[in-house]
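Secondary and tertiary structure notes
Okay, here's what each chain looks like letter by letter:
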Amino acid sequence: MCPIDCRQVLTQIELYLDGELDVSLHAEVHEHIGTCGNCADRSEFQRRLKAMLRAKCGCDEVPADLLQRVHALLQEAPPTPL
Ligand SMILES: [Zn+2]
């Protein structure tokens, strides 16, 4: 089985952060992030973003339309270091 690539990691990152991936896939993403600076940055950025959105709306669920807007932004611009 070949290791997953950056594109796959990025499509799974949200599930990864939510702990909703299969154990084996979670381990692969985790390992990739450990060796890939790009994906590590992206994962950290997403994690902070989710935490921030959660804190702002005071609930566990981030509104889907807000997430979609954020994702659209993420695809247009790389994350800026915080
Ligand atoms: Zn990567």
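Source: prediction; values computed, not measured. (Residues numbered from 1 in each chain as written. Predicted model: local features only at pLDDT ≥ 70, side-chain atom pairs only at ≥ 80, totals over all residues.)

In this section: the overall build of the protein. If you tally the helices and strands in the protein, you get four helices and zero strands. Reading the helices (α) and strands (β) of the protein from amino to carboxyl end gives α-α-α-α. Of all 82 residues assigned to the protein, the portion counted as buried reaches 9%. Long-range contacts, defined as pairs at least 24 residues apart, comprise 56% of the intrachain contacts of the protein with a sequence gap of at least 6. (Helix = DSSP H or I, 4+ residues; strand = E, 2+ residues; numbered from the N terminus. Buried ≥ 20, exposed ≤ 12 C-beta atoms within 10 Å, placed from the backbone. Contact = placed C-beta atoms within 7 Å.)

So, on to the packing of helix α1 (residues 6–18) against helix α3 (residues 37–57). Helix packing geometry: the angle between the two helix axes and the distance between the axes. Following both chains from N to C, one finds α1 and α3 inclined at 30°, their axes separated by 10 Å at the closest point. In terms of orientation, α1 lies roughly parallel with respect to α3. As for how α1 packs across α3, the hand of that crossing is right-handed. On α3, the residues touching Cys6, Val9, Leu10, Ile13, Glu14 and Leu17 of α1 are Asn38, Cys39, Arg42, Ser43, Gln46, Arg47 and Lys50. Grouping the constituent residues of the contact of α1 with α3 by class yields six nonpolar, three polar and four charged. (Axes fitted to C-alpha atoms, helices over the stretch in contact; angles between N-to-C directions. Parallel < 35°, antiparallel > 145°, perpendicular 65-115°, else oblique. Left-handed = near helix turned anticlockwise from the far one by under 90°. Nonpolar A, V, L, I, M, F, W, Y, C, P; charged D, E, K, R; others polar.)

Taking 1.5 Å per residue, 13 residues should reach 18 Å; α1 reaches 18 Å between its end C-alpha atoms and fits that length. Of the residues flanking the end of α1, it is Gly19, one or two places downstream, whose phi is positive at about 70°. (Expected span 1.5 Å × (residues − 1).)

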